[in-house]
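Descriptive structure summary
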Amino acid sequence: MTTLRHRILPVLAIILAILVIWHIAVVYLNLPFARDQAGRADQQPSFIELLPQTFAQERPVLPAPHQIIAELWDTTVNKAVTSKRSLVYHAGITLSATLLGFAIGTALGILLAVAIVHNRAMDRSVMPWIIASQTIPIIAVAPMIIVVLNSIGIAGLLPKALISTYLSFFPIVVGMVKGLRSPETIQLDLMHTYYAAPSQTFWKLRWPSALPYLFTSLKIAISISLVGAIVGELPTGAVAGLGARLLSGSYYGQTVQIWAALFMAAALAAILVSIVGIAHTAVLKRMGERP
């Protein structure tokens, strides 16, 4: 009963409030088109007569929730996974670029963090450039990366993955630097007292101390990596992937398709973050810590 009151009911209340506001916005934004259509037919229907039309337009300004759910059902359940009309198919294309970019970004971020912590020159020279790199809008960087790689014959999955890498490595670097520096001075002095080698200090003290920071950074990085993969599909004119669905929907004014792709991307991000969270809990439990 306590769980219902303190966890489930607040979430349901927020969802209900969002749905109410959403339906009001649907009526407000779609009503002008319904009135215009009625005027062209020399009709003057009342607000109550026009109200159902705001929730049933083929290309609404703002789709109603039931329209998005119907589109998601049609493109995930009613379509074969191998069909280019299936959102599962497009999500799989985007997911492959996301995971590759995330893997490269994770490896790069950890290596840079280790170098920054153990080398003062790297800390003073590389870290400011890493921070400055994130001030450049990804929408400006993505076309340049794709054009340069295409010029040397690299196309397909890797360019999109590198855009994901560009976004995902930064939180990992910052989190790992913080984590590797988290051991207190007294703990480091104790390792020196035991005549521990630098590698022993790293693996037995710094690395375990950094793991909670690493997994927190990974949750951020995996979701940003998905954003990078979607952005990487936009300037290429891709015909597959969630970015391609967004692009084709904007070309043809298919707002329901756009919103369905957005919801699929959000669901995919939630699943990926949850998987990282499960791994986080398992690792901390194995280390004997409470998450």
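For the structure itself, look to the data block above.
These lines cover the structure that appears in this document, whether it is placed above or below. A quick note: this is a predicted structure, and the numbers were derived from the prediction, not measured.

Along its length, the chain carries eleven helices and zero strands. The helix and strand sequence of the chain, counted from the amino end, reads α-α-α-α-α-α-α-α-α-α-α. Relative to the 2.2 N^0.38 estimate, which gives 19 Å for 291 residues, the radius of gyration of the chain is 25 Å and therefore markedly larger than a compact globule would have. On the principal axes, the C-alpha backbone points of the chain span a range of 90 × 60 × 35 Å. Out of the 291 residues in the chain, the part that is buried amounts to 39%. Considering only contacts within the chain whose residues lie at least 6 apart along the sequence, 73% involve residues at least 24 apart. If you sum the accessible surface of the chain, you get close to 17,000 Å²; carbon and sulfur atoms cover 68% of it. The positive charge centre, built from 20 side chains, and the negative charge centre, built from 11, are 12 Å apart in the chain.

The next point concerns helix H7 (residues 157-180). An ideal rise of 1.5 Å per residue puts 34 Å on 24 residues; H7 measures up with 33 Å between its terminal C-alpha atoms. At Ser-168, H7 is bent by approximately 30°, the largest bend along its length, and proline Pro-171 sits one to four residues beyond. Across the 24 residues that make up H7, a large majority, 18, are buried.

Further remarks concern the nonpolar core. Among the nonpolar cores identified, the biggest contains 45 residues, and Val-173, Met-176 and Leu-242 are the most heavily contacted of them. Of all elements in the fold, only helix H1 (2-40), helix H3 (65-76), helix H4 (87-118), helix H5 (120-133), H7, helix H9 (198-233), helix H10 (242-251) and helix H11 (255-286) reach the threshold of two or more residues within this core. Among the elements that line this core, the one with the most residues is H9, at ten residues. Among all residues touching Val-173, those that are not within four sequence positions of it are Gly-109, Leu-112, Ala-113, Ile-116, Met-127 and Ile-130. Ranked by size, the runner-up nonpolar core spans ten residues in total, among them Val-141, Ala-142, Ile-145 and Ile-163.

At a minimum axis distance of 8 Å, the contact between H10 and H11 shows a crossing angle of 160°. With respect to their mutual orientation, H10 and H11 come out roughly antiparallel. Note on packing geometry: the crossing formed by H10 with H11 is left-handed. Listed contacts from H11 to Leu-242, Arg-245, Leu-246, Ser-248, Gly-249 and Ser-250 of H10 are Gln-257, Ile-258, Ala-261, Leu-262, Met-264, Ala-265 and Leu-268. Residues of the contact of H10 with H11, tallied by class, amount to eight nonpolar, four polar and one charged.

About the cut-offs
Residues numbered from 1 in each chain as written. Predicted model: local features only at pLDDT ≥ 70, side-chain atom pairs only at ≥ 80, totals over all residues. Heavy atoms only, no water. Helix = DSSP H or I, 4+ residues; strand = E, 2+ residues; numbered from the N terminus. Rg over C-alpha atoms; globule rule 2.2 N^0.38 Å. Buried < 20%, exposed > 50% of the residue type's maximum accessible area, 1.4 Å probe, protein only. Contact = heavy atoms within 4.5 Å. Areas by Shrake-Rupley, 256 points an atom, 1.4 Å probe, with all protein chains shown as cover. Lys, Arg positive; Asp, Glu negative; His and termini not counted. Charge placed at Lys NZ, Arg CZ, Asp CG, Glu CD. Expected span 1.5 Å × (residues − 1). Bend = angle between axes of the 7 residues up to and from the residue. Core = buried A, V, L, I, M, F, W, Y, C linked by side-chain atoms within 4.5 Å. Axes fitted to C-alpha atoms, helices over the stretch in contact; angles between N-to-C directions. Parallel < 35°, antiparallel > 145°, perpendicular 65-115°, else oblique. Left-handed = near helix turned anticlockwise from the far one by under 90°. Nonpolar A, V, L, I, M, F, W, Y, C, P; charged D, E, K, R; others polar.

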